[in-house]
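Spelled out, the chains give:
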Amino acid sequence: MKQTILVAGATGMLGSRIAHHLLEREDAIVRLLLRPGLEGKKRATADELVTRGAEVIEGDLADHASLDRATRGVDVIVSAVQGGTDAIVDGQVALAETGKRNGVRRILPSDFGLDLFKATPGEHPAFNARATADKVIEGLGIEHIHMLQGAFMGMLQPGSPLIDYDKGTVTFWGDGKQPIELTTVEDTARMTARVALDRDVPSGKFAFAGDRLSFQQVADIAQTQTGKTFKRHSLGNEQQLRSAMKEMAASDPGRAIMLAYQLYMLNGQTSLDDLQSDRYPDLRLQNYTSFLAEQLGD
Ligand SMILES: NC(=O)c1ccc[n+]([C@@H]2O[C@H](COP(=O)([O-])OP(=O)(O)OC[C@H]3O[C@@H](n4cnc5c(N)ncnc54)[C@H](OP(=O)(O)O)[C@@H]3O)[C@@H](O)[C@H]2O)c1
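As a convention, each chain's residues are numbered from 1 in the sequence order in which they are written. Since the coordinates come from a predicted model, pLDDT governs what is reported: local features require at least 70, and pairs of side-chain atoms require 80 or more to be given and counted, while whole-chain, interface and lining totals use all residues. For the side-chain quantities, the full set of heavy atoms in the structure was used; hydrogens and water were omitted.

Per an unreviewed UniProt entry, the protein goes by the name NAD-dependent epimerase/dehydratase family protein and belongs to Verticiella sediminum.

Written out as structure tokens, the structure is:
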């Protein structure tokens, strides 16, 4: 039986790929919540999805009447929005509440990270905002599935500030021995499309990962793939990282959030449990070795 899926954030990096994979499925009718006035690359992304059959409702998370129009007749909401607390907390809660009133059965909020539910309140604004929204959503009595895939593998692709393939350096905080979960954007989107439609997935966390590696292991793989020696450079220990976070909190909040991600990568506090990476035998997640080979054009 077909299900109607509303995607919020379909012009974004992840949301556009989720919408793409939903459109591949014969059991999905895909509807997009798009903000008016799209231009350039975002317009092109939306147009391509519409050409492939997606329905469009123009609106905004802040425009509650548009959320009512967008959620009528919908079975499942997938949110891949990004933004401040206005979008992540107020906007997503309004979307879930309106959806619930209109009979939506399930929502997948825009979580997509490490286990944000294990973050210390006040320590990681991006994780804390998602956890705040998710708590309210859970209380609405709607099915809720939290997609948790770790960090996107692109964080470690050539050109990233963390690993320099030309100079042969890997940069991290701590000793670089703490493993973190890594998944490509494409696999995250593929898995999200599957889980959204899978009526047997229960409410709660759905954790999965293409790989689980420490920065030291990433350097080992980079060495094997390129034949180059990679120098490993620690920026400091956990205490020094926490001091840097405190300093940045007032002067550069954006940078402070990036350091908060680094903190949890260093100490493993938000690492994922109970991975369900193998749930769908035909969906094989890419590991870092294969991802890097592809990036290096091997
Ligand atoms: N784990 C990781 O390593 C990692 C890395 C990156 C992202 N993520 C997560 O992945 C998710 C998606 O991130 P992304 O980078 O793909 O986001 P993105 O490219 O910035 O796209 C954000 C989307 O949200 C939409 N949006 C924002 N505010 C909205 C509003 N008020 N009403 C309607 N739509 C609104 C945007 O629409 P417009 O086009 O109209 O602006 C856009 O489609 C987020 O939860 C993010 O934290 C995780």
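Additional details are given in the paragraphs that follow.
## Observations regarding the overall build of the protein
The cut-off we apply is this: Working definition: helices are DSSP H or I runs of at least four residues, strands are E runs of at least two. Numbering for both runs from the N terminus. In this description the radius of gyration comes from C-alpha coordinates, and the expected globular size is given by 2.2 Å times residues to the power 0.38. Contacts are assigned to residue pairs with any non-hydrogen atoms lying within 4.5 Å of each other. Method for areas: the Shrake-Rupley scheme with a 1.4 Å probe, in which residue coverage is limited to the protein chains shown. His is not counted, nor are the chain ends; Lys and Arg add positive charge and Asp and Glu add negative charge. In plain terms, the charge of a residue is placed at NZ if it is Lys, CZ if Arg, CG if Asp and CD if Glu.
Along the protein, the regular secondary structure elements total ten helices and 13 strands. Rg of the C-alpha trace for the protein: 20 Å, near the compact-globule value of 19 Å for 298 residues, within the 12% margin. Its C-alpha atoms give the protein principal-axis dimensions of about 55 × 45 × 40 Å. Put simply, of all contacts in the protein between residues at least 6 apart along the chain, 80% involve residues at least 24 apart. Accessible area for the protein stands at about 13,600 Å²; split by element, carbon and sulfur atoms hold 49% of it. Taken as two groups, the 33 positive and 40 negative side-chain charges of the protein have centres that lie 0 Å from each other.

## A few points about helix α8 (residues 238-251)
Rules: One less than the residue count of a helix, multiplied by 1.5 Å, gives the span that helix is expected to have. Between buried and exposed lies partly exposed: a residue is buried under 20% and exposed over 50% of the maximum accessible area for its type, with that area taken using a 1.4 Å probe on protein chains only. To be clear, the arc concerns the directions from the helix axis to the C-beta atoms.
The end-to-end C-alpha separation of α8 is 20 Å, in line with the 20 Å expected for 14 residues at 1.5 Å each. Along α8, the residues classified as buried are Leu241, Ala244 and Met245. Burial along α8 is one-sided: seen end-on, the buried residues are contained in an arc of 105°. Facing away from the buried side of α8, by more than 90 degrees, are the exposed residues Gln239, Lys246, Glu247 and Ala250. For α8, the elements touching its buried residues are α9 (253-267).

## Considering the sheet that holds strand β13 (residues 231-234)
Just so we agree on the cut-off: Whether two strands pair comes down to DSSP finding at least two bridges between them. In this analysis, axes come from line fits to C-alpha atoms, helices being fitted only over the stretch in contact, and the angle between any two N-to-C directions falls in the range 0 to 180 degrees.
Taken in spatial order, the three strands make up an open sheet running β8-β9-β13, and their pairing is mixed. Edge positions in the sheet fall to β8 (163-164) and β13, since each of these pairs with one other strand and no more. As judged from the four bridges shared by strand β9 (residues 169-172) and β13, these two strands associate in the parallel manner. Looking across to β13, one finds that Phe172 is bridged to Ser234. Set on the sheet, helix α7 (residues 215-226) makes contact with β8, β9 and β13; between it and β9 the angle comes to about 170°.

## Comments concerning the UniProt feature "domain: NmrA-like" (unreviewed entry) in the protein
So the rule is basically this: UniProt positions are given in the numbering used here, feature names are shortened, and annotations may be inferred rather than shown by experiment.
Sites flagged by UniProt as "domain: NmrA-like" (unreviewed entry) map to residues 1-243. The span residues 1-243 carries 38% helix and 22% strand; its end-to-end C-alpha distance comes to 54 Å.

## Here's the deal with the sheet that holds strand β7 (residues 151-152)
Taken together, the three strands give an open sheet; going across it, the order is β7-β10-β12, and neighbouring strands pair in mixed fashion. Where the open sheet ends on each side, the last strands, each with one partner, are β7 and β12 (211-213). As paired elements, strand β10 (residues 180-183) and β12 share three bridges and run antiparallel to each other. Looking across to β12, one finds that Ile180 is bridged to Leu213.

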